[in-house]
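Overview (structure and organization)
Now for the letters of each chain:
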Amino acid sequence: MLNDKLYIKTWGCQMNEYDSSKIADILESKLNCKITKSIKNANILILNTCSVREKAQEKLFHQLGRWKILKKNNPEIIIGVGGCVATQEGKKILNRANYVDIIFGPQTFHRLPQMIYKIRKFKKYLIDISFPKIEKFKFFPITKKKNISSFISIIEGCNKYCTYCIVPHTRGKEISRPYQDILLEIKNLSIQGVKEIHLLGQNVNSYNYFDNKNKKYYNFTKLLILISKIENIKRIRFTTSHPKDFSDDLINIYKKIPKLVNYVHLPVQSGSDKILSLMKRRYTISEYSKIINKLRIVRPNIHISSDFIVGFPGETEKDFKNTLSLILDLDLDMGFSFIYSPRPKTPASKIKDNINILEKKRRLYLLQYYIKQQTKKFSSRMLNTIQIILVEGVSTQNNKYFGKTENNRIVFFISEKNYIGKFINVKIIDSYIYSLYGKFISLYKN
Ligand code: SAH
Ligand code: SF4
Ligand code: F3S
């Protein structure tokens, strides 16, 4: 039999990117499937979806409509829909797209090989969007290095239930992955040459694993200490952390672990206490500011990025202005900002929305302008400085080598020699808002 060819399309967050890479690894090892970038060659099509904002269902059916034609021409094609829209909509997807074969959730994708086997045998659709207790990690084959920097999921789901957010409903309750598994995965990657790891979770800093053997709890700070001892891992990043769980212990660990990068993504969402309370974010602006200020005492040059939602129901011009001021007061570096989008079954979707779309767009535009000015300021300060970057590869955009600074900026540079996988010193010779251009100076020894 010819090899199966797998095509995966991914929408959404880094967790979804991570899940897609695991889906590929599992199908590759269990079905001897080959990954293809060309949909025309594929006979297994997977769509890994996101429902955090916008019209997720519409986008899904639009995409499936295109795949329907492929299936009409070749009925052997298997179509699977996974991710957060799959959990949210479940069987309803079949009402509008009865040619879909498999509907699976973020916690059940490890069962795909059996599901594909069953589809071929019984020719009947399958739905599995349950939340089994952290079963999936046991099914992951040994992670193969794909990049010098590698993502690792450490915690799944979310228990915070912010009033606007769909994630706890689509990814389920928080479950921390055993720390031994995490360490093993990272050690394996480091043996293969990975130098930087990026820990993933909806709230990495609420990580809390109880080890039954030694009857001890392992929180995020303890996990970071253990990871930092893996010699060949030189940099540690994480997203996303929640202000409520950003403990003093975690702040202080920045003193002890230089491998923790000088960059934290800490979503604040709004600069108004009233809106934060309506969002059920569980912190005030004063508490959020204290975290940033304490972090800056430990790491004076730390760069902070954040997420913002504008146009949350009840947000007045004054509330919005508080968000703008916060960006300047706390001297934030980067930000991701979104117009509030009512999500099915969330408490916020029941609050009367009193802000019209034009006004929401105006606020978004203004907020993004503020953030851009900040990012630009920090990028231009880097001009003529020497920065350490970890060289990750050659860019498909401009054919130049690129690497990242600790503060998450891409630096492009020209070089005769291949430095991929190495830390190097570069002098920044040109600065744009989100990227920099550099000149190779020397290898960096760490
Ligand atoms: N767990 C993370 C982020 C999860 S989703 C945290 O709590 O910080 C990523 C971002 O999407 C959020 O930070 C928020 O800014 C945005 N977001 C989530 N739900 C949204 C909604 N209903 N409308 C608009 N933006 C939303
Ligand atoms: Fe959503 Fe809030 Fe959980 Fe983040 S903390 S995933 S915004 S519910
Ligand atoms: Fe989207 Fe689900 Fe991630 S809703 S942002 S794919 S957790």
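See above for the structure.
Heads up: these notes are all about the structure in this document.

Calculation notes
Residues numbered from 1 in each chain as written. Chains lettered and ligands numbered in written order. Predicted model: local features only at pLDDT ≥ 70, side-chain atom pairs only at ≥ 80, totals over all residues. Heavy atoms only, no water. Helix = DSSP H or I, 4+ residues; strand = E, 2+ residues; numbered from the N terminus. Rg over C-alpha atoms; globule rule 2.2 N^0.38 Å. Buried < 20%, exposed > 50% of the residue type's maximum accessible area, 1.4 Å probe, protein only. Contact = heavy atoms within 4.5 Å. Areas by Shrake-Rupley, 256 points an atom, 1.4 Å probe, with all protein chains shown as cover. Lys, Arg positive; Asp, Glu negative; His and termini not counted. Charge placed at Lys NZ, Arg CZ, Asp CG, Glu CD. Pairing = 2+ DSSP bridges. Axes fitted to C-alpha atoms, helices over the stretch in contact; angles between N-to-C directions. Polar contact = N/O pair within 3.5 Å; in protein donor to acceptor, adjacent residues only side chain to side chain. Near = heavy atom within 4 Å. Nonpolar A, V, L, I, M, F, W, Y, C, P; charged D, E, K, R; others polar. Parallel < 35°, antiparallel > 145°, perpendicular 65-115°, else oblique. Left-handed = near helix turned anticlockwise from the far one by under 90°.

**A closer look at the overall build of the chain**
Secondary structure assignment for the chain yields 13 helices and 21 strands. By the compact-globule yardstick of 22 Å for 446 residues, the chain fits well, its C-alpha radius of gyration being 23 Å. Across its three principal directions, the C-alpha atoms of the chain cover 60 × 60 × 50 Å. Counting only residues that meet the buried cut, the chain has 54% of its 446 residues in that class. Across the chain, contacts joining residues at least 24 apart in sequence account for 71% of those joining residues at least 6 apart. Summed over all atoms, the accessible surface of the chain reaches about 21,200 Å², with 54% contributed by carbon and sulfur. Where the 77 positive side-chain charges of the chain centre and where its 37 negative ones centre are 3 Å apart.

**Here we look at the sheet that holds strand β17 (residues 386-394)**
Taken together, the five strands give a closed barrel; going around it, the order is β17-β18-β19-β21-β20, and neighbouring strands pair in mixed fashion. On average, adjacent strands in this sheet sit at an angle of 55° to one another, irrespective of strand direction. For β17 and strand β18 (residues 401-404), the ladder comprises four bridges, and the chain directions are antiparallel. Each bridged residue has a counterpart across the sheet, and for Val 394 the counterpart in β18 is Tyr 401.

**What about the environment of His 303?**
With respect to the helices and strands, the residue His 303 is situated in strand β15 (residues 303-310). The exposure class assigned to His 303 is buried, which follows from its relative accessible area of 12%. Among all residues touching His 303, those that are not within four sequence positions of it are Asn 262, Tyr 263, Val 264, Asp 333, Phe 378, Asn 407 and Arg 409. A distance of 2.7 Å separates polar atoms of two side chains, one belonging to His 303 and the other to Asp 333.

**Considering the site of ligand 3**
Taken together, Cys 13, Asn 16, Thr 49, Cys 50, Ser 51, Val 52, Cys 84, Val 167, Arg 171 and Gln 202 make up all the residues around ligand 3. Residue composition of the shell around ligand 3, by class: five nonpolar, four polar and one charged.

**Quick look at the packing of helix α7 (residues 179-191) against helix α8 (residues 220-228)**
At their nearest, the axes of α7 and α8 sit 10 Å apart, and the two run at 30° to each other. Regarding the angle of α7 to α8, the classification is roughly parallel. Of the two possible hands of crossing, α7 and α8 adopt the one that is right-handed. Contacts from Tyr 179, Ile 182, Leu 183 and Ile 186 of α7 reach α8 at Leu 223, Leu 226 and Ile 227. Looking at the contact of α7 with α8, its residues break down into seven nonpolar, no polar and no charged.

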